[in-house]
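Tertiary structure, described
These are the residues of each chain, in order.
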Amino acid sequence: MKLVIGNKNYSSWSFRPWIAMKALGIPFEEVLIPFGAPLGNPDFKAQIARYSPAGLVPVLVDGNIHVWESLAIFEYLSETCPEKHLWPADPRARAEARSIASEMHAGFGPLRSECPMNFRRPVRTRELSAAAQQNVARFEAIWNGCVARHGGPFLFGKFCAADAMYAPGVARLHTYGIEVGRETRSYMEVMMALPAWAEWKAAALRESWIVAEDEVDWPTVLSA
Amino acid sequence: MALRLIIGNKNYSSWSMRPWIGLRAAGIPFDEEVISLYVPGSKEQILKYSPAGKVPVLIDGAVHVWESLAILEYAAEKFPAAGLWPSDPAARAHARAISAEMHAGFAALRNECGMILWRPPAKKALSPEAQANIARIQELWTDARARFGAGGPFLFGKFSAADAMYAPVVARFATYMIDVTPQVATYMAAMTSLPAWREWRRGALTETWVIPKFEESYPTVPRLPADAA
């Protein structure tokens, strides 16, 4: 299988299936297509079109099957690699995991636009709008509720697709120095201690491409 | 115990329409509870069922499932014979990809062309972003029909969860009189002839709750007659 992704520094959608496949031990070949203008890759559109009709990363390629959208990729992997347990085994927990994964997939717009994923940026506090603060509160309620109900250290005990969906959320809260409760911080530490996390982050820091719209201090680019 | 689906106004709640029409068209029995949105007390009522505070919510005994995609996945697992997803793995992967694309995308179209089933059909000027959404949707419907649609009039031949995800878009295209290709018009006709579609629409046209922020010319509320075809 091939996983087609965008820049590791910025592409939160790419991060989700990548960290899930790494953390769960599903082998794949990575194809990285850096994003386009102004300082990136002028051929992004043409290159991604070969893999995805939607023109979006990530895309999972398995023979002649092309699956785009991170949630659809998780469902595909869950069916093709059942022994890797992408979703919790208990039906009730699985329903909850899919609900919170979908909630992430379609929601949290204010936090996502105010705090773009940006591994290169040094930890620096950013003021949030009231709407983004509500998003943070909802993250905390989801994470802490799941850890409390299912025993931790991940949302449903063992790492699963729901954790992968929230991995960029963890990165955002960390990078922008968002104040969170102690339990929330413990969950974030567990995620950031994954070897897969360290591998992605190290590669992100080696990238030199800049995406201006994801640099909140543009034209200044803060770099750790 | 029967499944219970908690939904918002049939006239406006596109997210509610997705699992409702999915379950209904697949013949999965459920009871419905309609909560009128954006009125005093509605938020509290929804929070009783869903920690996210949003409709739709599916309740199956102690299991509460929210988000339309998660509800469709839950129903697909619980009722495998209903065939909510296509049985061929390649078709199923494709169906899930376009469903997820709908779930997270097409914001411009959704903002500019709110689902208002009782709105008399009329054109409206749209932004380039909304027009790009419309082009992409027509392309993905046509592509799915061409690749996987041989067995029937829907995206994957017979009706599936992917059609349920796009049902409100069919409503928007009709309400805002979007220019579509003949293939797309044929697909839309298949959708709007579904008994489940007609049942939902009848329910919408007979509702009395008006949500001012969704009405373009409020306090005027142009409405199709309750028995409109």
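Small disclaimer: the values here were computed from a predicted structure and weren't measured.

1. Points about the overall build of chain A
Counting its secondary structure elements, chain A contains nine helices and four strands. In terms of overall dimensions, chain A is globule-like: its C-alpha atoms have a radius of gyration of 17 Å, near the 17 Å expected for 224 residues. The buried share of chain A, reckoned over its 224 residues, is 58%. Pairs at least 24 apart in sequence give 70% of the contacts found in chain A among residues at least 6 apart. A total of about 9100 Å² of accessible surface is found on chain A, and carbon and sulfur atoms cover 53% of it. Computing the positive centroid from 23 side-chain charges and the negative centroid from 24, chain A places the two 2 Å apart.

2. Considering the interface of chain A and chain B
Each partner contributes residues to the interface: chain A has 23 residues there, and chain B has 25 residues. Carbon and sulfur atoms supply 61% of the area buried between chain A and chain B, which totals about 2200 Å² over both sides. The tally of links between chain A and chain B comes to four salt bridges. Joining chain A to chain B, the criterion identifies twelve residue pairs in polar contact (both at pLDDT 80 or more). Every element with two or more residues in the side of chain A that touches chain B is listed here: β4 (65-68), α3 (70-80) and α4 (91-106) of chain A. Per-element accounting of the side of chain A that touches chain B gives the leading share, eleven residues, to α4(A).

3. Details of empty space enclosed by the protein
Per the counting criterion, the structure on display carries one cavity of 30 Å³ or more. Of the pockets and cavities examined, the largest cavity occupies roughly 80 Å³. Along its surface, the largest cavity is lined by Leu71(A), Ala72(A), Glu75(A), Trp87(A), Arg98(A), Ser102(A), Leu69(B), Ala70(B), Glu73(B), Arg96(B) and Ala100(B). Every element with two or more residues in the lining of the largest cavity is listed here: α3 and α4 of chain A together with α3 (68-78) and α4 (89-104) of chain B. Here the lining of the largest cavity is built from residues that sort into six nonpolar, one polar and four charged.

4. A look at the packing of aromatic side chains
Under the counting rule described, the total for this entry stands at 24 aromatic pairs over all chains. Note on Phe108(A) and Tyr166(A): the rings are 6.4 Å apart at their centroids and 75° apart in plane angle, and the pair reads as edge-to-face. Taken together, the residues span a long stretch of sequence, with Phe108(A) in the loop between α4 and α5 (109-114) and Tyr166(A) in helix α7 (residues 161-175) at a distance of 58 residues. The exposure classification of Phe108(A) matches that of Tyr166(A), with both residues buried. On the numbers, 6.1 Å between centres and 85° between planes, the contact of Trp143(A) with Tyr166(A) is edge-to-face. Highlighted residues: Trp143(A) in helix α6 (residues 130-150) and Tyr166(A) in helix α7, separated in sequence by 23 residues. Under the relative-accessibility criterion, Trp143(A) is labelled buried at 0%. Taken together, Phe15(A), Trp18(A), Phe28(A), Phe119(A), Trp197(A) and Trp200(A) form an aromatic cluster joined through their ring pairs. Directly above the aromatic system of Trp118(B) lies the positively charged group of Arg223(B), at a separation of 3.7 Å from the ring centroid.

5. Comments concerning the domain arrangement of chain A
Residue and element names in this part refer to chain A. One can read the domain layout of chain A as domain 1 (2-84) and domain 2 (91-198). Put simply, the middle of domain 1 and the middle of domain 2, counted by C-alpha atoms, are 21 Å apart. Contacts between domain 1 and domain 2 engage 19 residues on the former and 20 residues on the latter. Surface buried jointly by domain 1 and domain 2 totals about 1800 Å² across both partners, of which 67% is contributed by carbon and sulfur atoms. When the buried area of domain 1 at its contact with domain 2 is split by residue, Asn-9, Phe-15 and Arg-16 rank highest and sum to 31% of it. For the pair domain 1 and domain 2, the interface holds one salt bridge. Arg-98 is the salt-bridge partner of Glu-75, the closest N and O atoms lying 2.8 Å from each other.

6. Focus on the sheet that holds strand β4 (residues 63-66) of chain B
Residues and elements named next belong to chain B. An order of β2-β1-β3-β4 is seen for the four strands of this open sheet, with the pairing classed as mixed. Because the sheet does not close on itself, it has two edges, and the strands there are β2 (30-34) and β4. Shown here is a sheet whose adjacent strand axes are inclined to one another by a mean of 20°, direction ignored. Of the strand pairs in this sheet, strand β1 (residues 3-7) and strand β3 (residues 57-60) are connected by three bridges, and their pairing is antiparallel. Opposite Leu-5, over in β3, you have Leu-58 as the bridge partner.

7. Structural notes on the pairing of β3(B)
Residue and element names in this part refer to chain B. The alternating pattern of β3 places Val-57 and Ile-59 and Leu-58 and Asp-60 on opposite faces, both of which are buried. Two elements, β3 and β4, share four bridges in a ladder whose sense is antiparallel. Paired with Leu-58 across the bridge in β4 is Val-65. Here β3 folds back onto β4 in antiparallel fashion, the turn holding two residues, of which Gly-61 has a positive phi close to 60°.

About the criteria used
Residues numbered from 1 in each chain as written. Chains lettered and ligands numbered in written order. Predicted model: local features only at pLDDT ≥ 70, side-chain atom pairs only at ≥ 80, totals over all residues. Heavy atoms only, no water. Helix = DSSP H or I, 4+ residues; strand = E, 2+ residues; numbered from the N terminus. Rg over C-alpha atoms; globule rule 2.2 N^0.38 Å. Buried < 20%, exposed > 50% of the residue type's maximum accessible area, 1.4 Å probe, protein only. Contact = heavy atoms within 4.5 Å. Areas by Shrake-Rupley, 256 points an atom, 1.4 Å probe, with all protein chains shown as cover. Lys, Arg positive; Asp, Glu negative; His and termini not counted. Charge placed at Lys NZ, Arg CZ, Asp CG, Glu CD. Buried area = accessible area lost by both parts, 1.4 Å probe. Salt bridge = Lys/Arg side-chain N within 4 Å of Asp/Glu carboxyl O. Polar contact = N/O pair within 3.5 Å; in protein donor to acceptor, adjacent residues only side chain to side chain. 1 Å grid on protein atoms, 1.4 Å probe; cavity = no way out; pocket = protein on both sides within 12 Å on 5 of 7 lines; lining within 4 Å. Points joined across faces, edges and corners; volume = space filled by probe spheres on them. Nonpolar A, V, L, I, M, F, W, Y, C, P; charged D, E, K, R; others polar. Phe/Tyr/Trp six-rings, centres within 6.5 Å; stacked < 30°, edge-to-face > 60°. Lys NZ or Arg CZ within 6 Å of the ring centre and 35° of its normal. Domains from an automatic or database assignment. Pairing = 2+ DSSP bridges. Axes fitted to C-alpha atoms, helices over the stretch in contact; angles between N-to-C directions.

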